[in-house]
Amino acid sequence: DLPADLSGRRVLITAGGTREAVDPVRFIGNRSSGRQGYAFAATALARGARVDLISANVALPDPPGAEITRVESAREMREAALAHSTAADVVIMTAAVADFRPAESAPGKIKKTGEGPAPIELVENPDILAELASRRDDPGRLVVGFAAETDNVLEYGRAKLERKGCDLLVVNQVGDGRAFGTEDNQAVVLGADGSATEIPHGPKEELADRVWDLVAPRLGPAHTR
Ligand code: C5P
């Protein structure tokens, strides 16, 4: 039986990996299938939520019933996330956002000159999660971030939770071929309240449902937006 504990709630989910243009045909990006974000969307819909899904470069079928905004770059994702965040009761930031982008994107395809490659100057992208977590126009809005760590999972996770200012941080244990592009996932969810909840190895839908189990009781009273 599915709990309808997200009924009347509106959730905003970022998914996939951003691409930062080097020129019209090349990009710098992060490897992300979007599966975990899409699993959050499908499970939220099943639990009664309205879902705004901001999707960056994902080759998966649309979760039926989600409102999808397709973006390519981190800056496009930021615009879309800010625009949708005011209506959201909870924000789930699964996207792999490129930390850096080329300072400028060449208008035409960069050619080989025979003199070796030109350096690409990089500039920092906005941190969408940190920005949404710091802009609490609605203090009842819950912000959930993600982190992938190979070691010192709890220590690094705690530090990141505080740095980003989010309410929950889902720390994936990666390495040994785990997590990226696979069906399964394993995590510990750290709370700003000091809590730590282990989620055992399992399908990404299962992980999403366990996170919703933690999110639902933390939401304030439902109000009409
Ligand atoms: O700092 P790091 O990339 O490890 O943080 C991961 C978390 O922050 C994820 O939830 C990701 O979606 C979010 N993030 C973001 N904007 C960035 C970098 C990360 O929203 N520029």
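Predicted model, so just to flag it, every value in this text is computed and none were measured.

Basis of the calculations
- Residues numbered from 1 in each chain as written.
- Predicted model: local features only at pLDDT ≥ 70, side-chain atom pairs only at ≥ 80, totals over all residues.
- Heavy atoms only, no water.
- Phe/Tyr/Trp six-rings, centres within 6.5 Å; stacked < 30°, edge-to-face > 60°.
- Helix = DSSP H or I, 4+ residues; strand = E, 2+ residues; numbered from the N terminus.
- Buried < 20%, exposed > 50% of the residue type's maximum accessible area, 1.4 Å probe, protein only.
- Polar contact = N/O pair within 3.5 Å; in protein donor to acceptor, adjacent residues only side chain to side chain.
- Near = heavy atom within 4 Å.
- Nonpolar A, V, L, I, M, F, W, Y, C, P; charged D, E, K, R; others polar.
- UniProt positions renumbered as here; feature names shortened; annotations may be inferred.
- Contact = heavy atoms within 4.5 Å.
- Salt bridge = Lys/Arg side-chain N within 4 Å of Asp/Glu carboxyl O.
- Patch = residues over 30% accessible without salt bridge, like charges linked within 9 Å, V, L, I, M, F, W, Y side chains within 5 Å.
- Areas by Shrake-Rupley, 256 points an atom, 1.4 Å probe, with all protein chains shown as cover.
- Expected span 1.5 Å × (residues − 1).

Draft legend 1. Quick peek at the packing of aromatic side chains. Taken as a whole and assessed by the stated rule, the structure comprises two aromatic pairs. Pairing Phe 40 with Phe 146 gives two aromatic rings, centres 5.6 Å apart and planes at 80°, and the pair type is edge-to-face. Residue Phe 40 is found in helix H1 (residues 35-46), and its partner Phe 146 is found in strand E9 (residues 142-149); the two are separated by 106 residues along the sequence. A single burial state applies to Phe 40 and to Phe 146, both of which are buried.

Draft legend 2. Broad picture of the side chain of Asp 89. Among the structural elements, Asp 89 can be located in the loop between helix H2 (74-85) and strand E6 (90-93). A residue is classified by how much of its surface remains accessible, and Asp 89, at 3% relative accessible area, is buried. At 2.7 Å, the side chain of Asp 89 and the backbone nitrogen of Arg 10 are in polar contact.

Draft legend 3. Fine view of the site of the ligand. By nearness alone, every residue bordering the ligand is listed as Met 93, Ala 95, Val 97, Pro 126, Asp 127, Ile 128, Leu 129, Gly 145, Phe 146, Lys 160 and Lys 164. Within the backbone of Ala 95, one N or O atom sits 2.6 Å away from an oxygen atom of the ligand. In the model, a nitrogen atom of the ligand is placed 3.0 Å from a nitrogen or oxygen of the Ile 128 main chain. For the shell around the ligand, the secondary-structure elements that each account for two or more residues are helix H3 (128-134), E9 and helix H4 (153-164). When its residues are assigned to classes, the shell around the ligand shows seven nonpolar, one polar and three charged.

Draft legend 4. Inspection of the UniProt feature "binding site: CTP" (unreviewed entry) in the protein at higher detail. Following the UniProt record, one finds the feature "binding site: CTP" (unreviewed entry) at Asp 99, Lys 109, Pro 126, Asp 127, Ile 128, Leu 129, Phe 146, Lys 160 and Lys 164. Of the residues just listed, which span 66 residues, the most distant C-alpha pair is 37.8 Å apart, and they do not cluster in one region. Inspection of the secondary structure assignment puts Pro 126 in the loop between strand E8 (122-124) and H3. Pro 126 has contacts with Arg 75, Arg 78 and Arg 101, leaving out every residue within four places of it along the chain.

Draft legend 5. Summary view of unusual backbone geometry. Phi angles above zero are rare outside glycine, and Asn 57 is one such case at about 60°. Overall, Asn 57 belongs to the partly exposed group, its relative accessible area being 26%. Look at Asn 152: it is not a glycine, yet its phi comes out positive at around 45°. Within the element layout of this structure, Asn 152 appears in the loop between E9 and H4.

Draft legend 6. Layout of the pattern of salt bridges. What the rule picks out here adds up to 16 salt bridges. For Arg 47, the salt bridge goes to Asp 209, with nearest N and O atoms at 2.8 Å. Taken together, the positions of Arg 47 in the loop between H1 and strand E4 (50-56) and Asp 209 in helix H5 (residues 204-215) put the pair 162 residues apart, joining distant regions of the chain. Three or more residues are tied together by salt bridges with common partners; here these are Asp 5, Arg 47, Glu 206, Asp 209, Arg 210 and Asp 213.

Draft legend 7. Highlighting a nonpolar patch on the surface. Nonpolar side chains collect at one region of the surface, where Phe 100, Ile 120 and Leu 122 lie side by side and expose about 280 Å² of accessible area between them. Inspection of the secondary structure puts Ile 120 in the loop between strand E7 (100-102) and E8. Overall, the relative accessible area of 47% leaves Ile 120 in the partly exposed class.

Draft legend 8. Structural detail: H5. Along its twelve residues, H5 runs 16 Å from first to last C-alpha, staying within 8% of the 16 Å computed at 1.5 Å per residue. Within H5, the full set of buried residues consists of Lys 204, Leu 207, Ala 208, Asp 209, Val 211, Trp 212, Leu 214 and Val 215.

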